[in-house]
Amino acid sequence: MGVLLLAGCGHTQNALAPKSHQARDIASLFWWMMGGAWIGLGIVVALLLLSWVRRKRSGWGSDTEGDKPGERLGWFVVIGAGIVLPIIVVSTVFIVGDLFVIRTTQAPASTATSLTIRVIGHQWWWETRYPGTDAVTANEIHIPVHRRVRVEVESADVIHSFWAPQLNRKMDAIPGRTNVVELTADVPGHYRGDCAEFCGVQHAHMGLVVVAQPEAAFRRWLARQARPAAAPVSTEAQRGEGLFMNGECSSCHAIRGTDAQGYVGPDLTHVASRNTLGALTVINTPETLAAWIRDSQHFKPGNQMPAFPLGPTRIRELTAYLEGLK
Amino acid sequence: MAIATPPSPAAAETMERLERMWQSRPGVLGWLTTTDHKRIGLLYFWTTLVLFGAGGIEALLIRTQLIAPNQNLVSPSTYDELFTLHGMTMIFFFIIPMTTGAFGNYLLPLMIGARDMAFPRMNALSYWIFLASAIFLYTSLFMGMAPNAGWFDYVPLANRQFNPGSNIDFYCLGIIFNSIASTLTAGQFIVTMFKSRAPGMSFNRMPLFCWAQLAAAFGLLFALPALSADTIFLFLDRNVGTHFFDPSRGGETLLWQHLFWIFGHPEVYILIVPAFGIATSIIPAFTQRRLVAFPLVAIAEILVVFIGFGVWAHHMFATGLPTITLVFFAAATALVVIPSTIQVFAWCMSFVLGLARFKTPLLFIAGFIFMFVTGGLTGIMFVAIPFDQQVTDTYFVVAHFHYIIFGAAVFPIFGGMYYWFPKVTGKLYFELPGQISFWVLFAGTNLLFFPMHIVGLLGMPRRVYTYPSGIGWTAYNLAESIGGYLTLVGILLLLGNLVVSYFRGEPAGPDPWHGPTLEWTISSPPPEYNFAVVPKVTSPYPNWDAADREEDRRHLDEGVLVLQHGHEQPAVTPVDARFAEIVEMPHESPWPVILAFTLSLVFVMLVIHKYGVAGIMGILCLLALVGWHSKEPQES
Amino acid sequence: MTDYAAVPRTTEATDAAAVTRVVSQRVSKPAAWWGMIILIASEATLFGAFVGTYYYLRFNTVAWPPDGLPKPDLVAPLILLGVLVLSSLPMQIASRAARAGRLARTRLAIVAALVLQCGYFVYEIHDFRDQLHRFDITRDAYSSIYYTLLGADHGHVLLGILFNFWLLWKLARGFTTYRVNAVQAVTWYWHAVNILTVVVIGTLLSARA
Ligand code: HEA
Ligand code: HEA
Ligand code: CUA
Ligand SMILES: [Cu+2]
């Protein structure tokens, strides 16, 4: 099954490979600070090396009873390098970081954006809604490039943290609160992210991917996601639908346009259009979908969906139905 | 120089009399009832060392699980218990009790010229409670119910709804239990430093080690109650049905985080300040120079803890607090850097201006400075809020605090173990293996923790039991794990060296380093009464004041200032240390063990939800307290 | 320092006269007092955290107390508080009398304090149970912090009462320096508990505003 475990979807989540001006500001802030840090460390190491050069090799030598050679020089350095210099350095960091860069990473004013997305953390997946449309999806967040998107981060259970490092800082999803973060991608692409706050046994498998698309492609995608589910065509799929609706599946999952209205697991209206299953745990193929339904606990031990050790035909039927939900 | 050897037959007789008077009971019973700060210090030392081993094994299991992507060495839920216990053990059951309980206990009275702590029985009580709390916490592991929501245990994940087992009850009670021990230690350290210094040791003459312990003790005293309140609320929420943290009934999720970090941030400085104290003991000895800018360093030690109380929300930069709040706490965080830089440069200049002898203890201090500065500089980066919001809860933060904690709190502990080894055992350790152990540890910890910076920037969140391959994290994690094993090798070398030295080492004599402070004036190991005469103190480096030591010998000869009518010890006025009173110290008592035992029963009953029985056990505790106070000093 | 012969040896004092001598020679507070101050500091910080929580919850909530709950009573708690705070007076008298070596007076003052304290305590416990019938601790965050604060305070009063009984029992066998120090320390404990109670009751009554 190793092959199925997601090879990161081929994307990185490197905070130092920014793809938005927010992430770029943060990254260059980091590079400057790191340069400074090496200099600071250099000064200290230089002093230690100097003392090593002056070291005494053996014996305890004469006592320095009471007299403190070079005390004035010592005070001079302690005050100069230990008080004045850090004040300058730290104030610079503070002013640049907390008075300027912070503006770009702050929550956008509600008037400044033309698209709002609600991302709701669940143990252990991300519900994604596009207010104003019926679209509900999971773990894969599509946004148009070059557009400022307001992301409202909420939680349905415990604290999670929404984070796509190539685009912006992270934002905690806290029950009872709505936090806001901006996403603006400069180039189309898939940007991997993760839940960054420990949220239980499957915190490790609570990935997300932000798909930045050109405006037109995004609109097409959104329009399709907003539509109710496609009716099953083949008889196999129809039988699958019956299984889904009459079995336990519908108690946890919603499929818009059908009777399935569950809210425990992800909305499956267009599950087949997603690239991954289980919050980036496995790549979505007919085989993995079947395997997931049979035993999702194998891929994601402890996740909230029980295993369904159904017979091969039933699994095939269910899979056929879900595969039709493009 | 030292009065380790009696100057005259009369003095020898005096010392023998003191010896008999202060002698403790032999055998196990002697250890159970002891009130001798040195024995309690050793008990603390061994216990915390074992717990360090436990925390270290947990860490190595973590590292082995993460050595390659998609591994299944431990189950996800076991992994959660491992890192939670690792964090709790290292912080509450290793560093704090090691630096205060072990080093502080053993050395404070020796450095201030006292014969014991101000409250010797309370000191013993603190140890037994500490031991019981450690056993209590680790029982949960063997019952498969170890705390599993991280060492900062955020609600609602830790609340009953999402964590129905007893795991978090063990967390709450274990922490409260442990805080009692720490509070007792802190309280009696403060009183000891105020009341039991040698007459003449005014505050400006108190060694920096003691200043550091004082700062840590004040920090503990005022930080722990916030944690106690927090854990009490959580326990009530979980077991009584209150709604402190439940937003649907008017509670607040973030209340937990505020209270936790109001404790948690001061706590991290409490961890480090005693280590500063160890550094400021070793540096003067091995550079044979009084520390540069002594008053500034003393003030800085206090200030770092003080300012540390005002920065807590920098652990909550990503929670969506109002920007103005964040900026305020970032500014406070910027401020807290200054006392640290003062100290770093005072140490460095002492290295340069004195004549450094790079023996093992000083090597560890040099390594400590290197790692503290590295970790401190990443700390400064967090002052830039947007950057912190990018890397918080990733391995970058894990790198920051391990550099600071392992590099800056544990390295001085290792250095201190070498430095005071001759004092405690009377033997010299082996120098070359000592230096090798340093270099192995230095290489190991850097290999272990440096790549964490990179992997954090590459986006790896913390507290993940596994990670996917193909996003560039694999090689770094492998390197970290190898570094972890190398660290283990280094620690084993160090401990091995000390064990062999204990049996094979050369006799050390009272003062092998020509050390600056009072503990080097007496024999190694120190006699049970510590000081035969009340030492004269006119500077913070009394052992280098030859004339004063000469006067001590004369006093001993003449039987002046010997205080030999019982377990006597001088008490002084708090600030200028005028001789105020001669007090009789308690000696050997079974009550600390008894009280600690009854208190454990209370906690056991609480964790199995037998509240009525817990109440009865509480009454037993009160009875034990009455018994404790039944015998007054003059009756013994 | 050489005239250390003049320094008092605390433990010599086992009768009232000796005690007075030691106490008058003393130039600084005994360790017992310092120990009590440490205890008080730690407890006060704990209450600080409780009170901080109260206001934190309050300012994150719209209705305080929440709808359907009565505002806390004003008169009875204030009168009771007065009674309790009054007990600081006899405690202070006891402390002074003890240091002056006046045994009977010390005992009497402690008994007087105990009467006030026990009166307060019995009424408060009665009232506490009464209130629990009206609204439960599990109702909401307000009731949670309300009862936690009040309960913690009552616990401290109870401990103080036990301290006082213990003092009486100790003093039954006359004075020693040890016991005088104990009286002094317990007096400080009571002053602190009374201040804490004022703060706690004040906090709880602030819900009326
Ligand atoms: C021993 C413990 C210790 C110490 C001393 C410190 C010291 C500092 N810490 Fe650290 N910290 C932790 C332990 C510690 N920390 C832990 C355990 C956590 C994580 C908890 C968790 O989440 O589990 C943490 C997390 C943490 C955070 C939150 C990160 C996050 O979760 O997002 C922040 C944010 O501001 C921070 C900042 C600082 C700062 C500014 C210092 C400063 O005090 C550092 C000052 C030191 C120096 C600056 C070095 C001296 C440098 C020189 C002399 C060179 C010259 C320098 C200049 C010219 C400027 N720390
Ligand atoms: C004092 C603090 C301290 C110390 C010393 C350490 C030491 C180490 N830590 Fe840890 N660590 C924390 C405090 C500390 N840590 C905290 C607070 C957390 C956060 C937890 C959380 O997220 O909740 C953490 C988290 C943490 C993580 C992140 C886990 C995660 O987020 O998923 C990792 C991962 O590698 C790690 C590794 C290590 C390693 C390899 C060591 C090694 O350096 C350990 C080396 C030690 C040994 C190898 C022991 C050897 C000792 C003996 C053999 C003694 C034997 C003696 C007798 C038996 C008498 N630690
Ligand atoms: Cu959700 Cu971690
Ligand atoms: Cu902090």
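An account of the accompanying structure is given in this report. (Residues numbered from 1 in each chain as written. Chains lettered and ligands numbered in written order. Predicted model: local features only at pLDDT ≥ 70, side-chain atom pairs only at ≥ 80, totals over all residues. Heavy atoms only, no water.)

**What to know about the coordination of the iron atom of ligand 2**
Residues and elements named next belong to chain B. Looking at the iron atom of ligand 2, the protein donor atoms are His86 (NE2) and His402 (NE2), and they sit 2.0 Å from it. Around the iron atom of ligand 2, the six donor atoms are arranged such that angles at the metal cover 86 to 179°; this shape is classified as octahedral. One end of the pair, histidine 86, is in helix 4 (residues 76–112); the other, histidine 402, is in helix 13 (residues 395–425), with 316 residues separating them in the sequence. Here histidine 86 matches histidine 402 in class, with each residue buried. (Donors = N, O, S within 2.8 Å, 3.2 Å for Na, K, Ca; no water. Tetrahedral: all angles 85-135°; square planar, octahedral: opposite > 155°, others 65-115°. Helix = DSSP H or I, 4+ residues; strand = E, 2+ residues; numbered from the N terminus. Buried < 20%, exposed > 50% of the residue type's maximum accessible area, 1.4 Å probe, protein only.)

**Notes on the coordination of the iron atom of ligand 1**
There is one protein donor for the iron atom of ligand 1, and it is His400(B) (NE2), at 2.2 Å. As for its position among the elements, His400(B) is in helix 13.

**Section: the interface of chain C and chain B**
Taken together, the contacts link 46 residues of chain C with 54 residues of chain B. Summing both partners gives a buried area of about 4300 Å² for chain C against chain B, and 70% of it is carried by carbon and sulfur. Counting the contacts that link chain C with chain B gives two salt bridges. The partner of Arg179(C) in a salt bridge is Glu632(B), with the nearest N and O atoms 2.5 Å apart. Between chain C and chain B we count twelve residue pairs in polar contact (both at pLDDT 80 or more) in total. Of all the elements in the fold, those that place two or more residues in the side of chain C that touches chain B are helix 2 (31–59), helix 6 (141–171) and helix 7 (177–205) of chain C. When residues in the side of chain C that touches chain B are grouped by element, the largest group, 14 residues, is from helix 2 of chain C. (Contact = heavy atoms within 4.5 Å. Buried area = accessible area lost by both parts, 1.4 Å probe. Salt bridge = Lys/Arg side-chain N within 4 Å of Asp/Glu carboxyl O. Polar contact = N/O pair within 3.5 Å; in protein donor to acceptor, adjacent residues only side chain to side chain.)

**Things to note about the site of ligand 1**
Around ligand 1, a shell composed of 32 residues is seen, among which Trp151(B), Tyr269(B), Asp388(B), Thr392(B) and His400(B) lie nearest. Neighbouring residues of ligand 1 are distributed over chains A and B. Trp151(B) has a polar side-chain atom sitting 2.8 Å from an oxygen atom of ligand 1. Measuring from an oxygen atom of ligand 1, one finds a side-chain N or O atom of His314(B) at 3.2 Å. Mapped onto the shell around ligand 1, the elements with two or more residues apiece are helix 2 (71–105) of chain A together with helix 8 (253–287), helix 10 (323–353), helix 11 (360–381) and helix 13 of chain B. Tallied by class, residues from the shell around ligand 1 come to 21 nonpolar, nine polar and two charged. (Near = heavy atom within 4 Å. Nonpolar A, V, L, I, M, F, W, Y, C, P; charged D, E, K, R; others polar.)

**A closer look at the packing of aromatic side chains**
Residues and elements named next belong to chain B. This structure, assessed with the given rule, holds 93 aromatic pairs over all chains. A ring pair is formed by phenylalanine 92 and phenylalanine 263, whose centres lie 5.9 Å apart and whose planes are at 10°; its orientation type is stacked. Remark: phenylalanine 263 occurs in helix 8 and phenylalanine 92 occurs in helix 4; sequence separation between them is 171 residues. An identical accessibility class is assigned to phenylalanine 92 and phenylalanine 263; each is buried. Sitting over the face of the ring of tryptophan 31, arginine 39 holds its NZ or CZ atom 4.3 Å from the ring centroid. Lying across the ring of phenylalanine 152, arginine 463 places its NZ or CZ 4.0 Å from the centre. (Phe/Tyr/Trp six-rings, centres within 6.5 Å; stacked < 30°, edge-to-face > 60°. Lys NZ or Arg CZ within 6 Å of the ring centre and 35° of its normal.)

**Some thoughts on the sheet that holds strand 6 (residues 160–163) of chain A**
All names here are of chain A. On the basis of which strands lie adjacent, the open sheet formed by five strands has the order 4-10-9-6-7 and mixed pairing. The outermost strands of the open sheet, each flanked by one partner alone, are strand 4 (140–144) and strand 7 (171–173). Taken pair by pair, the neighbouring strands of this sheet meet at an average axis angle of 25°, ignoring direction. Summarising the sheet, strand 9 (residues 189–195) and strand 10 (residues 207–213) pair through six bridges and their orientation is antiparallel. Across the sheet, residue glycine 193 finds its bridge partner in strand 10, namely leucine 208. Lying over the sheet, helix 3 (residues 215–226) contacts strand 4 and strand 10, oriented at roughly 135° with respect to strand 4. (Pairing = 2+ DSSP bridges. Axes fitted to C-alpha atoms, helices over the stretch in contact; angles between N-to-C directions.)

**Some thoughts on the pairing of strand 2 (residues 125–129) of chain A**
Residue and element names in this part refer to chain A. For strand 2, a buried count of four out of five residues is recorded, marking the element as mostly surrounded by other parts of the structure. In terms of strand pairing, strand 1 (residues 115–122) meets strand 2 through five bridges, oriented antiparallel. Each bridged residue has a counterpart across the sheet, and for valine 119 the counterpart in strand 2 is threonine 128. Sheet topology note: the strand 2/strand 3 (residues 136–138) ladder contains three bridges and is antiparallel. When the bridges of strand 3 are listed, glutamate 127 appears paired with alanine 138.

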